[in-house]
Amino acid sequence: MKVSLVAFAFLAIVSTAAAALPPPLRPFLEQHCTDCHDPDDKKGGLDLTSLSTEPTDAAAHKKWVRVFDRVLAGEMPPPKKARPGATEQRAFLTALGGDLVTKHAQQKGTVLRRLNRREYQNTINDLLGVNVNIIDMLPEDGRAHGFDNIGEALSISGMQMQRYMEAAEIALNAALHAGEKPETTKASFALGGGRAGESIGKHWLKRPDGAIVVFNNGGFPSTEIAGLRAKSAGLHRLRITGYGYQITQPVPFALIAGTFNRGGDNMVHSYQELPPEKAATVEVLLHLRAGDGIKISPEGLNGPDGHSPIKDGPDKYPGEGLAFQEVTIEGPIIEQWPTRGHTLLLGDLKVRELPADKPWMKGKRGYVPTFVAESANPLADSRRLLPLFLTQAFRRPVSSGDVAPYLALFDAEFAESKDFLVAIRTAAVAALCAPEFLYLQEPAGKLDGFALASRLGYFLTRSAPDAELMRLAATKQLHQPGVLRAQTERLLKGTNLDRFI
């Protein structure tokens with residue numbers, strides 16, 4: 001009697017939900033399920049008579065998947081209940097499975113995701129071949145579940161667009177206004193140079209091998225390398241040779257770059273370590289601004305209570321220390337010149353610096369040089385260069401329709417300024433603020449090669465796909481399992497994995 005009443009209630013009360021179910025499901029649910037999963041019993045917290053069948057209800061969809069799985073595994077109906085026949089069970093699973101697949105197809109997909117601010121900076125730097133710090137210019141990204149790369153949390157505002165424009169212009173100026181190729185130099189330094197030498201014998205120990213042993217964490221006395229300053233901005237190779245002193249474990253240290261002036265912008269580049277008692281060399285690559293120096297700050301050095309280098313004397317102090325023998329800096333290391341951004345936007349066009357209005361200001365803080373690009377045919381050059389830039393910026397081939405708005409912007413700017421460099425930079429700024437650049441473009445359905453390349457690049461390097469991924473996407477090879485696996489392994493071994501970490 002109860003089964004009939006529940007069946008009636010199931011059909012009458014939730015007629016809307018029942019009507020949405022394929023007909024083969026109804027008799028099976030009435031005969032085998034709703035006796036236990038109705039409003040009265042609700043075993044396992046499941047009431048099938050009120051469970052939504054709307055495709056947009058993700059929570060209900062998961063419960064229907066669970067029903068499918070339990071029936072398929074033979075767990076439901078339970079062993080004490082009447083078992084459905086094989087044909088009846090197969091018909092139910094076929095109907096429910098087909099319905100679930102159809103509804104899943106209606107709701108699956110990803111939210112259009114904006115690049116977070118670190119990805120934006122990485123992408124612009126890699127695209128243009130520069131190293132500008134623009135993260136602090138951009139608003140903090142929203143977070144979901146502790147992550148800052150979840151599409152639902154990454155909104156955008158008018159203020160944010162303004163900041164994107166400002167950041168893009170700074171990066172483009174760095175690429176297009178690079179001036180003459182800087183000279184690469186190499187120099188070696190010791191820790192105890194300059195005024196720091198006053199600490200030797202008082203706070204620090206000088207060993208027979210020439211190493212300077214420090215027992216402090218770099219606060220006082222300062223462990224800044226005296227005399228070491230980057231002559232030009234760019235990538236530098238730093239080698240630090242030393243060892244742990246009176247310690248049995250490797251000694252970690254913070255590698256800090258900055259001007260070290262009051263209120264200066266100093267940043268921890270990375271944490272490294274040197275082995276105990278035996279000299280070794282740590283080599284790192286880091287971007288420095290012109291005038292940046294280096295400080296090496298040991299971490300976690302300990303000494304016995306009641307002792308200090310000053311009280312005991314550095315030669316008798318029994319505590320742990322870090323011995324530095326030599327610090328060598330080489331740079332800037334020029335990977336490509338002119339910069340990649342210069343080549344993309346200007347090709348082989350020459351750029352020259354105009355004479356300064358106030359020559360005495362040149363080379364001083366606050367001086368901003370003015371450059372012009374020499375183009376004999378600005379219209380033709382813009383049609384030749386902008387599509388190449390947009391292909392790289394948008395991480396996919398571009399159509400004439402994609403390019404048209406940027407050509408129109410170039411034409412309007414050039415008509416007003418008569419300056420090719422200004423006009424091409426204006427079009428590039430617009431491209432670097434466009435949805436095609438700011439968002440991961442993933443249309444419904446299976447990802448094409450370029451979308452897959454972007455997905456992989458931003459996952460493992462937090463930046464746009466590199467030339468190898470783009471080549472494999474263009475030749476339709478990236479979807480091949482072996483190729484995809486090999487590219488994943490390559491990126492995991494690459495130099496940009498620290499961004500993922």
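A brief report on the enclosed structure follows. (Residues numbered from 1 in each chain as written. Predicted model: local features only at pLDDT ≥ 70, side-chain atom pairs only at ≥ 80, totals over all residues. Heavy atoms only, no water.)

A look at the environment of Pro39
Working step 1: Along the chain, Pro39 turns up in the loop between α3 (25–32) and α4 (58–72).
Working step 2: The exposed category is assigned to Pro39, whose relative accessible area is 55%.
Working step 3: As for Pro39 and Pro298, which are separated by 259 residues in sequence, their C-alpha atoms are 66 Å apart.
Working step 4: Leaving out residues up to four positions away in the same chain, Pro39 has contacts with Asp47 and Thr49. (Helix = DSSP H or I, 4+ residues; strand = E, 2+ residues; numbered from the N terminus. Buried < 20%, exposed > 50% of the residue type's maximum accessible area, 1.4 Å probe, protein only. Contact = heavy atoms within 4.5 Å.)

Regarding the side chain of Ser375
Working step 1: Position of Ser375 relative to the elements: it lies in the loop between β12 (371–374) and α10 (378–394).
Working step 2: A polar side-chain atom of Ser375 sits 2.5 Å from a polar atom in the side chain of Asp381. (Polar contact = N/O pair within 3.5 Å; in protein donor to acceptor, adjacent residues only side chain to side chain.)

Here's the deal with α4
Working step 1: End to end, α4 covers 21 Å across 15 residues, agreeing with the expected 21 Å (1.5 Å per residue, within 8%).
Working step 2: Considered for burial, the residues of α4 that qualify are Ala60, His61, Trp64, Val67, Phe68 and Val71. Axial view of α4: buried residues confined to an arc of 110°, hence all on one face. Across α4 from its buried face, at more than 90 degrees, point the exposed residues Lys62 and Arg66.
Working step 3: Immediately beyond the C-terminal end of α4, within one or two residues, lies Gly74, with a positive phi of roughly 80°. (Expected span 1.5 Å × (residues − 1). Arc of directions from axis to C-beta.)

As for unusual backbone geometry
Residues other than glycine predominantly adopt negative phi, and peptide bonds predominantly adopt the trans conformation.
Working step 1: Residue Pro332 is reached from Gly331 by a cis peptide bond, and omega for that bond is -5°.
Working step 2: Its location among the elements puts Pro332 in the loop between β10 (321–331) and α9 (340–346).
Working step 3: The amide bond that connects Trp337 to the next residue, Pro338, takes the cis arrangement and shows omega of -5°.
Working step 4: Phi at His145 is positive, roughly 60°, even though this residue is not glycine.
Working step 5: By secondary structure assignment, the location of His145 is in the loop between α6 (117–128) and α7 (158–176).

Examining the packing of helix α11 (residues 400–417) against helix α12 (residues 420–431)
Working step 1: Contact geometry of α11 with α12 gives a least axis separation of 8 Å together with a crossing angle of 145°. As α11 packs across α12, the resulting crossing turns out to be right-handed. Taken together, the residues of α12 that come into contact with α11 (itself represented by Tyr406, Leu409, Phe410, Glu413, Phe414 and Ser417) are Phe420, Val422, Ala423, Ile424, Thr426, Ala427, Ala430 and Ala431. (Axes fitted to C-alpha atoms, helices over the stretch in contact; angles between N-to-C directions. Left-handed = near helix turned anticlockwise from the far one by under 90°.)

Some words on the packing of aromatic side chains
Working step 1: Enumeration according to the criterion identifies nine aromatic pairs in this entry.
Working step 2: Taking the centre distance of 4.6 Å and the plane angle of 45° together, the rings of Tyr120 and Tyr164 count as tilted. Of this pair, Tyr120 sits in helix α6 while Tyr164 sits in helix α7, and the two are 44 residues apart along the sequence. For the pair Tyr120 and Tyr164, a shared accessibility class is recorded, and that class is buried.
Working step 3: For the pair Tyr120 and Phe437, a centre-to-centre distance of 5.7 Å together with 85° between the ring planes defines the contact as edge-to-face. Of the two residues, Tyr120 sits in helix α6 while Phe437 sits in helix α13 (residues 435–438), which places them 317 residues apart along the sequence. (Phe/Tyr/Trp six-rings, centres within 6.5 Å; stacked < 30°, edge-to-face > 60°.)

Things to note about a nonpolar patch on the surface
Working step 1: A cluster of nonpolar side chains, contributed by Phe459, Phe500 and Ile501, occupies part of the molecular surface with about 330 Å² of accessible area.
Working step 2: Take Ile501: it is sitting in the segment after α17 (497–500).
Working step 3: Among the residues examined, Ile501 registers a relative accessible area of 77% and is labelled exposed. (Patch = residues over 30% accessible without salt bridge, like charges linked within 9 Å, V, L, I, M, F, W, Y side chains within 5 Å. Areas by Shrake-Rupley, 256 points an atom, 1.4 Å probe, with all protein chains shown as cover. Salt bridge = Lys/Arg side-chain N within 4 Å of Asp/Glu carboxyl O.)

Observations concerning the sheet that holds strand β7 (residues 267–274)
Working step 1: Across the sheet, which stays open at both edges, the three strands sit in the order β7-β6-β9 with antiparallel pairing between neighbours. In this open sheet, the two strands that pair with only one neighbour each are β7 and β9 (293–298). For this sheet the average axis-to-axis angle between neighbouring strands, irrespective of direction, equals 25°.
Working step 2: As paired strands, strand β6 (residues 251–258) and β7 are joined by seven bridges and run antiparallel to one another. Within β7, the residue paired with Ala257 across the bridge is Met267. (Pairing = 2+ DSSP bridges.)

Digging into the pairing of β9
Working step 1: Counting buried positions along β9 yields six of six residues, so the element is predominantly enclosed.
Working step 2: Along β9, one buried face is formed by Gly293, Lys295 and Ser297 and the opposite face, lined by Ile294, Ile296 and Pro298, is buried too.
Working step 3: Of the strand pairs in this sheet, β6 and β9 are connected by six bridges, and their pairing is antiparallel. Within β9, the residue paired with Ala257 across the bridge is Ile294.

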